[in-house]
Amino acid sequence: MSGPITLTPEAFGEAFPFHIAIDASLRLVQVGVTLTKIDPRLAAGLDFAERFAMRRPAVDIRFDTLAGLAGTLVLIEDRATGLLLRGQFVRPQADGPVLFLGSPWIVDPQQLGAYGLKISDFPIHDPLMDLLQVVQVHRATVNDVKQLAARLSAQRGELERKNEELASHYLATHRAERRLALQYAVVRSLTESDSVPEAIAAILRNVGETLGWHVGLAWMHDRQRGELRLEATWAVSELADDPIVTRAPLTRAFGQGPSGAVWQSGEPLFIRDARDDPRYPRGDDARGAEIRSCMWLPVQADRATLGVIALFSRELMEDDPGLSAAMETISRSFTQFVERKRQEDQLAALTGTLNAILALAPDALVAFDAKGDRTYANTAFFELTDLDPADQPAALPEFDAMLAGLCDPSVPYLPVSGMVANHADTLELVKPRRVVLARSVRRMGSGRSSGCVVYLRDITHDREVDRMKSEFLSTAAHELRTPMTGIHGYTELLLTRHFPEPVRMDILDTMYRQSTQLVNMINELLDLARIEARAGHDLKIRRQAIVPIVRGVVEALHVPNDTRRVELKLPEVSPLADVDADKFGQALTNVLSNAYKYSAGKGAIRLWMSARNVGARFETGVHIADEGIGMTPEQVARVFERFYRADTSGTIPGTGLGMSLVREYIELMQGSVQVASRHGEGTVVTIWVPRADP
Amino acid sequence: MLYALAHKALEQMVCRTYDRAMWDSIRRIADVDLDKFITSEGYPRAGYETLRRAAAFRLGLPAEEVSRLTGREWMGVFAETYGPWMRALGGTLPEFLRALPNALTRMTLVTPDYGPPRYACIDETDRSVRLVIYESNPLVVWFALGLLEGIARHFGGEATVVPEGTRSEPQRAVFRIEWQAETEPA
């Protein structure tokens, strides 16, 4: 080889480690060192056409063909190793061999290893290494990107899973919060509700509003009728008059319709789209109101279904299985509310009754708690003490001070605050009026720290009655003993001695008169006792004319040793009155008898009738007047007392019970008796009875 | 600009020596928005420096040691990423070291922003070579030390790397690598 640049074989081999020199007979005359490294058999002397194949261009291998390819990119293949070599044929000298200058055509760095090639086997200027490096970098990059994609995909999957978990958790939390809000709202509504219907309406409204429904209906179980009864409806304002509300069935039988079915099963029912669901029978109403989702919830407590709540929405709603548990809690709250309300009502009724009883009680009652603060005082207490309820003593010491101030200061007052056990005594009040009180203190619990109730009973009247009873018994015994003494004495005389007939007759006459007086007195006492015992129940009251009764009494009246006649002035038309004729006549007889007795045969005895109005009532009066001894005002004031005698001389016969009987009889006939008298001039007694005629 | 191998080496060093939780912790401390490194992509050098400082803080190691460990790890990452290419560089330690300067130059052809230190092999014998690294940054020198240790480990045998100090004019560090016999990859 010669030319402008002369290379040593070593330098040529280093510059072209893959060269092949071919002579005209197609024999290899020189082979690059790296090719020989790949396959040591590839050496000079081999036939090029046998060892190599032309791949590009695919031509037959002939020496002149190879020489003619100068300036053309060619690709040849080593048949033995499969190695592709790219390069060009050159023929530097016209009569010299053809040179193939090239390098392996490798596009995968792995192939380097397959051929046992290192980078140092290639000339530094060979760009194949750069190509392989680019390929290697790209492959590594693709690998990185794939790993990154896989990692991102995994992260995405994880994020999606977490997102789903979060969404699920959010939904569960949201629902739980909503249910809690619902329970809170219901409990708050129940505390503010005054009645069961009000509570049902509040529950329905809260369930609807909190859960975002549009219409709500509440049926409650009517135990008496054995059916569900529509108790409350609720709707957003634009649906308030819609048929879904206004045409809601008022009652539902067991198993009838969705609400009856839920009542029967005790399980909630959710219909996502009511328009096409045959389970919802009111499809037309639903379509009219554009209702989509419906839900029926049983209102249950202790496994008993109290009612059913139906909810309707214009939007598609999602079922919330946790709502059943929330509804159970709400139902329990509702049941407790119903029970509490029932107890409150009972307590209120009982309290009302007790308050009424205590308010009507004539006796004073004051209660104090354990701290000594007053917790109750009834009306009778304020009436008894004349205290203003606004200024009432609020604490036990003040109460004691107030009561002590009203009592007789000469009698020591025992304070309630000092009593550690039940106690009873009497108090004599001098203010605001003089009364005697029976005081009972009942401690509620034991010791001074317990509360107490102070009971004050006005026993002034009882004391007076006791006094009057004692006086009456004393007087009656005296009055009965007086004639009895005479009868006893005369009887004794007649038994022990013999008297001439005239004397004996005189004694017997006296005995007869005294026994007659005794009989009359006993009869009148019995009459009075009967009146008090029977309270007028044995009176034979009927509507009748008064004048005939008056005439009958006057005509039947016979007064021994007195010739005077009663001067009558009676109306022609008799007024009517509801009276017992016998008792009315007896009252007239008593009054007329007194008129005779206390006028001692002198003066006129007159009887006339009149009429008057007492408010809206008409009364008929029968007036009986005498011109006898008359009475002082003090005597008039006591004229109706039993055994009271205006005559203290004892010369005028009588029992002292006559006027008492008159007043008892007339008052039983809804009438009254008036006495007007002037001492020394005479007396007028008027008997008034209500007129029965118009 | 640094390419992904250095970042990958730092990440892999932490994950292999400690665990991924430690690497995540270092990333949180560094507060660098670098998560996954792609071989052909360039990454800011500042981000790498921040990660390395965070690693030194979190691992309780001097910055030089982190650089050395990262360099040692670099060879593993390189073999994993460029396996066939690395094998083409050389089947033995001397072969690989001799090919290294040209290989780095070729790397700059493919990734023009890549500016690796310049290497040169001098004083070659059958049992040793001196590798000169023309670099003034001491952390890069420590990284190179680790890198050479990693290369030696990769090829097995009894190779040792002896730092022979740094010299100025020009700034360079010299390492003497000695081996007992012709070594092949472990």
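Predicted model only: the values in this text are computed from it and were never measured.

**Comments concerning the overall build of chain B**
Next, step 1: Per the secondary structure count, chain B includes seven helices and six strands.
Next, step 2: Every one of the 186 residues in chain B was classed for burial, and the buried ones make up 52%.

**A few points about the overall build of chain A**
Next, step 1: Within chain A, the secondary structure is distributed over 19 helices and 24 strands.
Next, step 2: Across the 694 residues that make up chain A, the buried fraction comes to 42%.
Next, step 3: Nonlocal contacts in chain A, meaning residues at least 24 apart in sequence, comprise 55% of its contacts between residues at least 6 apart.
Next, step 4: Total accessible area on chain A is roughly 37800 Å²; 54% of this is exposed by carbon and sulfur atoms.

**Examining the interface of chain A and chain B**
Next, step 1: Counting from both sides, the interface comprises 23 residues of chain A and, opposite them, 23 residues of chain B.
Next, step 2: A combined buried area of about 2200 Å² lies between chain A and chain B, and 59% of that area is made up of carbon and sulfur atoms.
Next, step 3: Between the two partners, chain A and chain B, sit two salt bridges.
Next, step 4: The residue Asp130(A) makes a salt bridge to Arg106(B) at a minimum N-O spacing of 2.7 Å.
Next, step 5: For the side of chain A that touches chain B, the elements supplying multiple residues, two or more each, are α5 (109-114) and α6 (128-192) of chain A.

**A look at the sheet that holds strand β17 (residues 451-458) of chain A**
All names here are of chain A.
Next, step 1: Taking strand neighbours across the sheet as the criterion, the five strands line up as β14-β13-β17-β16-β15 in an open arrangement whose pairing is antiparallel. Looking at strand neighbours, the two that pair on one side only are β14 (374-377) and β15 (423-429), the edges of this open sheet. The sheet shows a mean angle of 20° between the axes of neighbouring strands, direction not considered.
Next, step 2: Bridge count for strand β16 (residues 435-444) against β17 is eight bridges, and the pairing is antiparallel. What sits directly across from Leu437, in β17, is Asp458.

**Comments concerning the pattern of salt bridges**
Residues and elements named next belong to chain A.
Next, step 1: Applying the stated criterion across every chain, the model contains 39 salt bridges over all chains.
Next, step 2: Residues Arg41 and Asp39 are paired through a salt bridge, measuring 3.1 Å at the closest nitrogen-oxygen approach.
Next, step 3: Judged by relative accessible area, Arg41 falls into the exposed class, the value being 60%.
Next, step 4: When the shortest N-O distance is used, the salt bridge between Glu681 and Arg678 registers 3.7 Å.
Next, step 5: Judged by relative accessible area, Arg678 falls into the exposed class, the value being 54%.
Next, step 6: One continuous salt-bridge network, built from bridges that share partners, spans Asp39, Arg41, Arg51 and Asp78.

**Structural notes on a nonpolar patch on the surface**
All names here are of chain A.
Next, step 1: A surface patch of nonpolar side chains, about 390 Å² in accessible area, is lined by Leu347, Leu350, Leu354 and Ile357.
Next, step 2: Here Ile357 is to be found in helix α11 (residues 323-360).
Next, step 3: Exposure remark for Ile357: the relative accessible area of 48% places this residue in the partly exposed category.

**Comments concerning the packing of aromatic side chains**
Next, step 1: Summed over the entire model, instances satisfying the criterion amount to 14 aromatic pairs over all chains.
Next, step 2: Their ring planes at 90° and their centres at 4.9 Å tell us that Phe254(A) and Trp263(A) sit as a pair that is edge-to-face.
Next, step 3: Look at Trp263(A) and you get buried, because its relative accessible area is 10%.
Next, step 4: One aromatic cluster is present, built from ring pairs that chain together Phe48(A), Phe52(A), Phe89(A) and Phe100(A).
Next, step 5: The ring of Trp688(A) carries Arg612(A) above its face, with NZ or CZ at 3.9 Å from the centroid.
Next, step 6: Above the plane of the ring of Tyr134(B) lies Arg118(B), whose end atom (NZ or CZ) is 4.1 Å from the centre.

**Details of the environment of Arg56(A)**
Residues and elements named next belong to chain A.
Next, step 1: Relative to the helices and strands, Arg56 resides in strand β3 (residues 52-56).
Next, step 2: Each C-alpha atom, one on Arg56 and one on Arg86, is 9.1 Å from the other, the two residues being 30 residues apart in sequence.
Next, step 3: For Arg56, the residues in contact, after removing those within four places along its chain, are Leu73, Val74 and Leu75.

**Description of the sheet that holds strand β23 (residues 672-678) of chain A**
Remark on secondary structure: sheet strands pair via backbone hydrogen bonds, oriented parallel or antiparallel.
All names here are of chain A.
Next, step 1: Ordered in space as β19-β21-β22-β24-β23, the five strands form an open sheet in which the pairing is mixed. Strands at the two margins of the open sheet, each flanked by one partner only, are β19 (566-569) and β23. Across the sheet, the mean angle from the axis of one strand to that of its neighbour is 25°, orientation sign disregarded.
Next, step 2: Pairing geometry for β19 and strand β21 (residues 605-614), over four bridges, is parallel. Within β21, the residue paired with Lys569 across the bridge is Trp608.

**Structural notes on unusual backbone geometry**
All names here are of chain A.
Next, step 1: A cis amide bond links Arg56 with the next residue in sequence, Pro57, at an omega value of -20°.
Next, step 2: Within the secondary structure layout, Pro57 lies in the loop between β3 and α4 (63-68).
Next, step 3: Of note, the bond from Lys431 into Pro432 is cis; its omega dihedral lies within 30 degrees of zero at -5°.
Next, step 4: For Pro432, the location among the structural elements is in the loop between β15 and β16.
Next, step 5: Positioned with a positive phi, Leu26 is a non-glycine residue whose angle comes to about 65°.

**Here's the deal with the environment of Leu406(A)**
Residues and elements named next belong to chain A.
Next, step 1: Within the element layout of this structure, Leu406 appears in helix α13 (residues 396-406).
Next, step 2: On the basis of relative accessibility, which here comes to 12%, the residue Leu406 falls in the buried class.
Next, step 3: The sequence separation of Leu406 and Glu428 amounts to 22 residues, and the corresponding C-alpha distance is 8.5 Å.
Next, step 4: Those residues in contact with Leu406, other than ones at most four positions away along the chain, are Thr385, Leu429, Val430, Lys431 and Pro432.

**Concerning the packing of α6(A) against helix α7 (residues 196-211) of chain A**
Residue and element names in this part refer to chain A.
Next, step 1: At their nearest, the axes of α6 and α7 sit 9 Å apart, and the two run at 155° to each other. In terms of orientation, α6 and α7 fall into the roughly antiparallel class. In this structure, α6 crosses over α7, and the sense of that crossing is right-handed. Contacts between α6 and α7 involve Arg178, Ala181, Leu182, Ala185, Val186, Ser189, Leu190 and Glu192 on the former and, on the latter, Glu198, Ala199, Ala202, Ile203, Arg205, Asn206, Val207, Thr210 and Leu211.
Next, step 2: In terms of residue class, the contact of α6 with α7 is made up of 10 nonpolar, three polar and four charged.

**Focus: the nonpolar core**
In globular proteins that are soluble, nonpolar side chains generally tend to be buried together.
Next, step 1: Counting 95 residues, the largest nonpolar core has Ile20(A), Phe48(A), Phe89(A), Phe175(B) and Ile177(B) as the members making the most contacts within it.
Next, step 2: In this structure Phe175(B) touches Val129(B), Arg130(B), Leu131(B), Ile133(B), Val141(B), Ala144(B), Leu145(B), Leu148(B), Val161(B), Val162(B), Pro163(B) and Glu164(B), once residues within four positions along its chain are discounted.
Next, step 3: By size, the runner-up hydrophobic cluster in this structure holds 48 residues, among which are Val636(A), Met659(A), Val662(A) and Val689(A).

**Some details on the side chain of Ser193(A)**
Residues and elements named next belong to chain A.
Next, step 1: Relative to the elements of secondary structure, Ser193 occurs in the loop between α6 and α7.
Next, step 2: Ser193 sits in the buried class, given a relative accessible area of 5%.
Next, step 3: Here Ser189 takes part through its backbone oxygen, which lies 2.7 Å from a polar atom of the side chain of Ser193.

**Some words on helix α7 (residues 138-154) of chain B**
All names here are of chain B.
Next, step 1: Here α7 is 17 residues long and its end C-alpha atoms lie 24 Å apart, about the 24 Å a rise of 1.5 Å per residue gives.
Next, step 2: In terms of residue burial, α7 counts as a mostly covered element, since 13 of its 17 residues are buried.
Next, step 3: The N-cap of α7, judged by a side-chain oxygen 2.9 Å from the amide nitrogen of Leu139 a few residues on, is Asn137.
Next, step 4: Positioned one or two residues after α7, Gly156 has a phi angle of 70°, which is positive.

**Overview of the confidence of the model for chain B**
All names here are of chain B.
Next, step 1: Mean pLDDT for chain B: 85, with 95% of residues reaching 70 or above.
Next, step 2: When pLDDT is averaged over each element of chain B, helix α2 (residues 20-30) comes out on top at 93 and strand β1 (residues 2-3) at the bottom at 74.
Next, step 3: The ipTM for the predicted assembly is 0.86, set against a pTM of 0.49.

Rules of the game
- Residues numbered from 1 in each chain as written.
- Chains lettered and ligands numbered in written order.
- Predicted model: local features only at pLDDT ≥ 70, side-chain atom pairs only at ≥ 80, totals over all residues.
- Heavy atoms only, no water.
- Helix = DSSP H or I, 4+ residues; strand = E, 2+ residues; numbered from the N terminus.
- Buried < 20%, exposed > 50% of the residue type's maximum accessible area, 1.4 Å probe, protein only.
- Contact = heavy atoms within 4.5 Å.
- Areas by Shrake-Rupley, 256 points an atom, 1.4 Å probe, with all protein chains shown as cover.
- Buried area = accessible area lost by both parts, 1.4 Å probe.
- Salt bridge = Lys/Arg side-chain N within 4 Å of Asp/Glu carboxyl O.
- Pairing = 2+ DSSP bridges.
- Axes fitted to C-alpha atoms, helices over the stretch in contact; angles between N-to-C directions.
- Patch = residues over 30% accessible without salt bridge, like charges linked within 9 Å, V, L, I, M, F, W, Y side chains within 5 Å.
- Phe/Tyr/Trp six-rings, centres within 6.5 Å; stacked < 30°, edge-to-face > 60°.
- Lys NZ or Arg CZ within 6 Å of the ring centre and 35° of its normal.
- Parallel < 35°, antiparallel > 145°, perpendicular 65-115°, else oblique.
- Left-handed = near helix turned anticlockwise from the far one by under 90°.
- Nonpolar A, V, L, I, M, F, W, Y, C, P; charged D, E, K, R; others polar.
- Core = buried A, V, L, I, M, F, W, Y, C linked by side-chain atoms within 4.5 Å.
- Polar contact = N/O pair within 3.5 Å; in protein donor to acceptor, adjacent residues only side chain to side chain.
- Expected span 1.5 Å × (residues − 1).
- pLDDT = per-residue confidence, 0-100.

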